Amino acid sequence: MTSNRAGGAAPCKHPGDAEYYAGPIDRRTSYMASQTLTQRLPADLADEVERCLKDWDARDGSRRLWDGDASLWTGGDESRWLGWLRIVERQRRESGALRGFADAVASEGIAHAVVLGMGGSSLCPEVLRETFGVVPGRPELHVLDSTDPSQIAALEKRLDPGRTLFIVSSKSGTTLEPAIFKAHFFDRTTTALGAERAGRRFVAITDPGSKLEIEAARDRFRAVYAGEPSVGGRYSALSHFGMVPAAVMGLDVERLLDGAARMAAACGPGARAADNPGVALGAVLGTAARRGRDKLTLVASPGLRDLGAWLEQLIAESTGKNGVAIIPVDRERPGSPEIYGGDRLFAYLRLESAPDPAQDRAVETIERAGLPVIRLAVADTWALGAEFFRWEFATAVAGAILGINPFDQPDVEASKIATRALTEEYEASGALPAETPFATQGGLRLYTDAANAAALRGAPAGPLRPGAAGPLGAHLRRLRPGDYFALLAYLPMTARHEDLLSAIRHRVRDGARVATCLGFGPRFLHSTGQAYKGGPDSGVFLQVTCDDAVDLPVPGRRYSFGVVKAAQARGDFRVLADRGRRALRVHLGADVESGLRALGEMVDEALAGIGRRAD
């Protein structure tokens, strides 16, 4: 056993992990005052990161990235998707026009602005809304990225169509969810204001020549903002997809972009890898993942809490393919070091202007235990522009290290195809295919495919093997060290539902000692769904569905929003099953809160029966 270069402290072991050394190695990268990246890594990982950085310089990696050299990744179409590298300067040139548009909107008494989008077109606006709140004298920004009818109805109750601006945001212009959101609210606005005035309450953000651009012209939208075709959705935060909503809600777009420009300069082609904040971060992410530390556990200060949702999509959709992935773990509260295995890498996004002392103590405890931690000092909330660019650049670097194309999403389309087949069947027949539960447990119905059913029974035709808490216990017993547990909730996204689901995920984390993820459908389909299907077979999935208490029609369609959501859940599950994933679906019925409490009790029973397994 070699000595520790950080001080020769006595070695220590961590359950389920490689050997660690007390007092791991620190590295600090600073690109401007009060905004630094500090790596505190075990010696073996630190050494490999050092080698990776030297290799990056030897291969002239930063210059090749900026030059669009596709051979840095897979030699595929990567060079077509690098417009985000230079989007900041374009947006800075247009910031005055955006400010003028926002001033005009506010002067007309518009009280609400609603982004109708999914994934890359909605997550950055959501981060800005949750981080900055409502700016006095400016419209309150809302983001709709759910087909759940009760969620749509709840938002609609808060809006006055005469004082609301709808921002229809879709890069391709053909994405299902923004299309039906637009159909719904355009119909409502037309009823309230008349056909002549309705279009003035709508703005489109879409790529040139898209179906949405054509539709916007037909319906006389107030404005159409062009996307940049060479910028993929998850890399579009600093483009019109992020900056138009930012301007409308009253943010200082120039200030956000100035920070992004400074970060872009620091990540420039001339910077040494060790001094380049994007390369330094990406090297740790990619190297750690190659060594099996592929569960990137995000810890963010309360003032940056929602940034994790954007990071989830960027990282999971960029890296989760060809059987590899960095799995982002967001909103999992810090726990005792002994519950973590050797698959964890922690990233602490600390808001220097408003840190949380309890969070600081928790992260320090994790560091002292020898677990690898990256600390990112974020000066204030206006530094979000810089962080958007830093993480985009780092993700591209990590993709090069992992040998994958970080700009495609081959498995997202599979769920869309499965959903489309089900909605088309509904359009033709007026019904979705009949389903038969695999089992019932605790008053809840359980569904799965034939292969998973056979695995849970223990034999193709035999009775369920005796064990903890019936089928759910059998499902949780499939968790192994290095796996992760993901809750896929096709439920109304409310604070209460998130609290109940979060309690369940933390019981599983602490009981099975695995990383846990929680996503609301259908939004995660455009985010972590890519990694769940295209990444390694290390996920154990529990999909949660419900009966809709209310439903809403989709104008011009036979199907409703509730039918679309049900089709998305079924399509998602079908693709998971087709990929051989370990998946089970539990249906709660109409009383979601009672159903979640019952599910929590079932999980408790299952974990008690399984017992705490030593790693």
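Please refer to the structure higher up on the page.
Everything numeric in this text was worked out from a predicted model, so none of it was measured.

A. Broad picture of the pairing of strand β19 (residues 582-587). A large share of β19 lies buried, amounting to 6 of its 6 residues. Side chains R582, L584 and V586 project from β19 onto one buried face, and the interleaved A583, R585 and H587 project onto a second face that is buried too. Summarising the sheet, strand β15 (residues 444-447) and β19 pair through 3 bridges and their orientation is antiparallel. Across the sheet, residue L446 finds its bridge partner in β19, namely V586.

B. How the structure looks around the side chain of S239. Counting through the fold element by element, S239 comes out in the loop between β9 (223-226) and α9 (240-248). Classification of S239 as buried rests on a relative accessible area of 5%. With near-sequence residues (within four places) excluded, S239 lies in contact with I87 and Q91.

C. Local environment of the pattern of salt bridges. As enumerated under the stated definition, the model contains 55 salt bridges in all. Notably, a salt bridge pairs R509 with D510, separated by 2.9 Å at the nearest N-O pair. Given a relative accessible area of 24%, D510 falls into the partly exposed group. Linked by salt bridges that have partners in common, R305, D306, D330, R331 and E498 make up one network.

D. Structural detail: the side chain of K171. Within the secondary structure layout, K171 lies in the loop between β7 (164-169) and α6 (176-193). With a relative accessible area of 19%, K171 lands in the buried category. At 2.7 Å, the side chain of K171 and the side chain of D207 are in polar contact. Among the polar contacts listed, one links the side chain of K171 to the backbone oxygen of V231, at a separation of 2.9 Å. Apart from the residues lying within four places of it in its own chain, the contact partners of K171 are W81, T206, D207, S210, E228, P229, V231, G232, G233 and F241.

E. Layout of the nonpolar core. By size, the foremost hydrophobic cluster in this structure holds 102 residues, and its most contacted members are W310 and W391. If you tally residues by element for this core, the top one is helix α14 (residues 384-402), at 13 residues. Of all hydrophobic cores here, the second largest spans 37 residues; its members include L446, A489, L501 and L518.

F. Spatial organisation of the pairing of strand β5 (residues 112-116). The element β5 is extensively covered by neighbouring structure, given that 5 of its 5 residues are classed as buried. Pairing analysis gives 5 bridges linking β5 to strand β6 (residues 140-144), with the strands arranged parallel. The residue of β6 that forms the bridge with L116 is L144. Following the backbone out of β5, through helix α4 (residues 123-132) and into the adjacent parallel β6, one traces a crossover that is right-handed.

G. Structural view of the packing of aromatic side chains. Here the structure, examined in full by the defined rule, presents 24 aromatic pairs. On the numbers, 5.5 Å between centres and 35° between planes, the contact of F202 with F221 is tilted. Placement of the pair is F202 in strand β8 (residues 202-206) and F221 in the loop between α8 (211-218) and β9, with a sequence separation of 19 residues. On the accessibility criterion, F202 (0% relative accessible area) is buried. Judged by its relative accessible area of 10%, F221 falls in the buried class. Across the ring face of F186, the terminal group of K182 is positioned such that the distance to the ring centre comes to 4.4 Å.

H. Local environment of the sheet that holds β15. The 6 strands are arranged β14-β15-β19-β18-β16-β17 in an open sheet whose pairing can be described as mixed. The outermost strands of the open sheet, each flanked by one partner alone, are β14 (439-441) and β17 (515-520). Along the sheet, successive strands turn relative to each other by an average axial angle of 25°, direction set aside. Where strand β16 (residues 484-489) lies against strand β18 (residues 539-545), 6 bridges are found, and the strand directions are parallel. Residue pairing for β18: L487 is matched across the bridge by L542. Along the sheet, helix α20 (residues 561-578) contacts β15, β16, β18 and β19; its crossing angle with β18, the most-contacted strand, is approximately 160°.

I. Main features of the packing of helix α12 (residues 307-319) against α14. Running from N to C, α12 and α14 point in directions that differ by 20°, and their axes come no closer than 10 Å. Here α12 lies roughly parallel to α14, going by the angle between them. Helix-helix and strand crossings are classified by hand; for α12 and α14 the assignment is right-handed. Only L384, F388, W391, E392, T395 and L402 of α14 make contact with α12, whose side of the interface consists of L307, W310, L311, L314, I315, S318 and T319.

J. Molecular detail of the environment of R80. Mapped onto the secondary structure, R80 falls in the loop between α2 (61-67) and α3 (87-107). For the pair R80 and A434, spaced 354 residues apart in the sequence, the C-alpha separation amounts to 43 Å.

K. View of the environment of P139. Examined against the element boundaries, P139 turns out to sit in the loop between α4 and β6. P139 sits in the buried class, given a relative accessible area of 1%. Each C-alpha atom of the pair P139 and A113 lies 5.9 Å from the other, and the pair is 26 residues apart in sequence. With near-sequence residues (within four places) excluded, P139 lies in contact with V105, I110, A111, H112, A113, V248 and M249.

L. Focus on the sheet that holds β7. Pairing within the open sheet is parallel, and its 5 strands lie in the order β6-β5-β7-β8-β9. At either margin of the open sheet sits one strand with a lone partner, and together these are β6 and β9. Direction aside, neighbouring strands of the sheet carry axes that sit 20° apart on average. Strand direction decides the pairing type here: β8 and β9, joined by 4 bridges, are parallel.

M. Focus on unusual backbone geometry. The residue after G521, namely P522, is reached through a cis peptide bond having omega 5°. Phi is positive for D60, close to 55°, though the residue is something other than glycine. Tracing the backbone shows D60 in the loop between α1 (43-58) and α2. At R513, a position not held by glycine, the phi torsion is positive, near 55°.

The rules behind the values
- Residues numbered from 1 in each chain as written.
- Predicted model: local features only at pLDDT ≥ 70, side-chain atom pairs only at ≥ 80, totals over all residues.
- Heavy atoms only, no water.
- Buried < 20%, exposed > 50% of the residue type's maximum accessible area, 1.4 Å probe, protein only.
- Helix = DSSP H or I, 4+ residues; strand = E, 2+ residues; numbered from the N terminus.
- Pairing = 2+ DSSP bridges.
- Contact = heavy atoms within 4.5 Å.
- Salt bridge = Lys/Arg side-chain N within 4 Å of Asp/Glu carboxyl O.
- Polar contact = N/O pair within 3.5 Å; in protein donor to acceptor, adjacent residues only side chain to side chain.
- Core = buried A, V, L, I, M, F, W, Y, C linked by side-chain atoms within 4.5 Å.
- Right-handed = clockwise from strand over helix to strand, strands pointing away.
- Phe/Tyr/Trp six-rings, centres within 6.5 Å; stacked < 30°, edge-to-face > 60°.
- Lys NZ or Arg CZ within 6 Å of the ring centre and 35° of its normal.
- Axes fitted to C-alpha atoms, helices over the stretch in contact; angles between N-to-C directions.
- Parallel < 35°, antiparallel > 145°, perpendicular 65-115°, else oblique.
- Left-handed = near helix turned anticlockwise from the far one by under 90°.

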